[in-house]
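Overview (structure and organization)
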Amino acid sequence: MSDLAGQYFDAAISLLQRVRTEEAESVERAAEALAGTVRDGGRIFTFGAGHSSLAAQDVVYRAGGLVLMNLLAVPGVTGVDVIPAHLGSSLERVSGLATATLDASPARRGDLLFVISLSGRQVMPVELAMHARERGLTVIGVTSLAYPAAVSSQHPSGTYLKDQCDIVLDNKIAVGDGELSAEGADTTFGPVSSITTIALMQAVVASAVGKLAARGLTPPLFRSGNVDGGMDWNAKLMAEHRDRVFYTF
């Protein structure tokens, strides 16, 4: 393994350890909110633009995950499959797109929305979080708290995602999202944000599952579709919770 490859693993491990230690209380608060929403019959949604959508998608429709997790897919920004790719970055600066998507969704008062944005500065995540709370949703933001101190907000209010959430999880990523440097490379590289953000999301889900089970409630969890009976199990759960599942027919 090259020295830089080793440095990348070291950086990822170090940041995961920081997240585990420094965000423990916030993770438990988020898990309590998630467990409460599951218990009370609420709907659960996740959103992220661009590469932040990776963490939003990671907890939706997967083995070991909660059946009730739904992706709030905003056209043109959920992932990097739009062509040209930089159009997604431009759309994240457009006012009204995310809020119109939320209004057209099944989301309602008492539901829970995860909004994921590394910088937390763009119009879309800030506006979405604001609008969701106005509609009575609980909003959990996953972001880097290093950015607001270093970059300007692009939202007209001058606020950041962190200012519009009920609970904030800090993924500890430095401005620029590059953990490595090397002679001959004119900028930092080796982004770790997807790793720490996905870890935070999965930690919240794991803790919520434990809280539900401890209270005598059976958490609705997917099984792997690659084990015998897995697809039948999953179909049964999706049918049982069809009023809270929006990624199937």
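What comes next is a walk through the structure. It should be emphasised that the depicted structure is a prediction, and the values quoted were computed from it without experimental measurement.

Here we look at the packing of helix H5 (residues 97-104) against helix H6 (residues 123-134)
Relative placement of two packed helices is described by the angle separating their axes and the distance separating the axes. In the contact formed by H5 and H6, the axes pass within 8 Å of each other and the chain directions differ by 35°. At the point where H5 passes H6, the crossing takes the right-handed sense. Between H5 and H6, the residues in contact are Leu97, Ala98, Thr99, Leu102 and Asp103 and Met124, Glu127, Leu128, His131 and Ala132, respectively. Considering only residue class, the contact of H5 with H6 consists of 6 nonpolar, 2 polar and 2 charged.

Considering the nonpolar core
Membership of the largest hydrophobic core comes to 30 residues, with the highest contact counts inside it found for Leu34, Ile44, Met69, Phe114, Ile140, Leu169 and Val204. Mapped by element, the contributors of at least two residues to this core are helix H2 (24-39), helix H3 (53-58), strand S3 (112-116), strand S4 (138-143), strand S5 (167-170) and helix H7 (193-214). If you look at the next biggest cluster of nonpolar residues, it comprises 19 residues, including Ala49, Met124, Leu128 and Leu161.

Let's talk about the sheet that holds S4
Read from one edge of the open sheet, 5 strands run S2-S1-S3-S4-S5, paired in parallel fashion. Each having just a single partner strand, strand S2 (69-71) and S5 make up the two edges of the open sheet. Taken over all neighbouring pairs, the strand axes of this sheet differ in orientation by 20° on average, direction set aside. With 3 bridges joining them, strand S1 (residues 44-48) and S2 adopt parallel strand pairing. Counted as the bridge partner of Ile44 is Met69 from S2. Across the sheet, H2 is in contact with S1, S2, S3, S4 and S5; its angle to S5 comes to roughly 130°. Along the sheet, H6 contacts S1, S3 and S4; its crossing angle with S3, the most-contacted strand, is approximately 165°.

Examining the packing of helix H1 (residues 3-22) against H7
Interaxial distance between H1 and H7 falls to 9 Å at its minimum, and their mutual angle equals 35°. Two packed elements cross with a definite hand, and for H1 against H7 that hand is right-handed. Contact with H1, carried on its side by Tyr8, Ala12, Leu15, Leu16 and Val19, involves Ile195, Thr196, Ala199 and Leu200 of H7 and no other residues of that element. Looking at side-chain class alone, the contact of H1 with H7 contains 8 nonpolar, 1 polar and no charged residues.

Here's the deal with the packing of aromatic side chains
Summed over all chains, the structure comprises 5 aromatic pairs. Residues Phe45 and Phe246 carry aromatic rings whose centres are separated by 5.9 Å and whose planes lie at 5° to one another, so their mutual orientation is stacked. Residue Phe45 is found in strand S1, and its partner Phe246 is found in the segment after helix H8 (230-240); the two are separated by 201 residues along the sequence. The class of Phe45 is buried, set by a relative accessible area of 3%. Owing to a relative accessible area of 32%, Phe246 belongs among the partly exposed residues under this scheme. Seen in terms of ring centroids, Tyr61 and Tyr247 are 5.8 Å apart; in terms of plane orientation they differ by 50°. Their pairing is tilted. Highlighted residues: Tyr61 in the loop between H3 and S2 and Tyr247 in the segment after H8, separated in sequence by 186 residues. Of the residues examined, Tyr61 reaches a relative accessible area of 44% and is grouped as partly exposed. By relative accessible area, Tyr247 is classed as partly exposed at 27%. Here a set of aromatic residues connected by ring pairs shows up, and it is made of Tyr61, Phe222 and Tyr247. Here Arg223 stacks its cationic end above the ring of Trp233, 3.4 Å away from the centre of that ring. In this arrangement the basic side chain of Lys236 is found over the ring face of Trp233, its NZ or CZ atom lying 6.0 Å from the centre.

Definitions and cut-offs
- Residues numbered from 1 in each chain as written.
- Predicted model: local features only at pLDDT ≥ 70, side-chain atom pairs only at ≥ 80, totals over all residues.
- Heavy atoms only, no water.
- Axes fitted to C-alpha atoms, helices over the stretch in contact; angles between N-to-C directions.
- Helix = DSSP H or I, 4+ residues; strand = E, 2+ residues; numbered from the N terminus.
- Left-handed = near helix turned anticlockwise from the far one by under 90°.
- Contact = heavy atoms within 4.5 Å.
- Nonpolar A, V, L, I, M, F, W, Y, C, P; charged D, E, K, R; others polar.
- Core = buried A, V, L, I, M, F, W, Y, C linked by side-chain atoms within 4.5 Å.
- Buried < 20%, exposed > 50% of the residue type's maximum accessible area, 1.4 Å probe, protein only.
- Pairing = 2+ DSSP bridges.
- Phe/Tyr/Trp six-rings, centres within 6.5 Å; stacked < 30°, edge-to-face > 60°.
- Lys NZ or Arg CZ within 6 Å of the ring centre and 35° of its normal.

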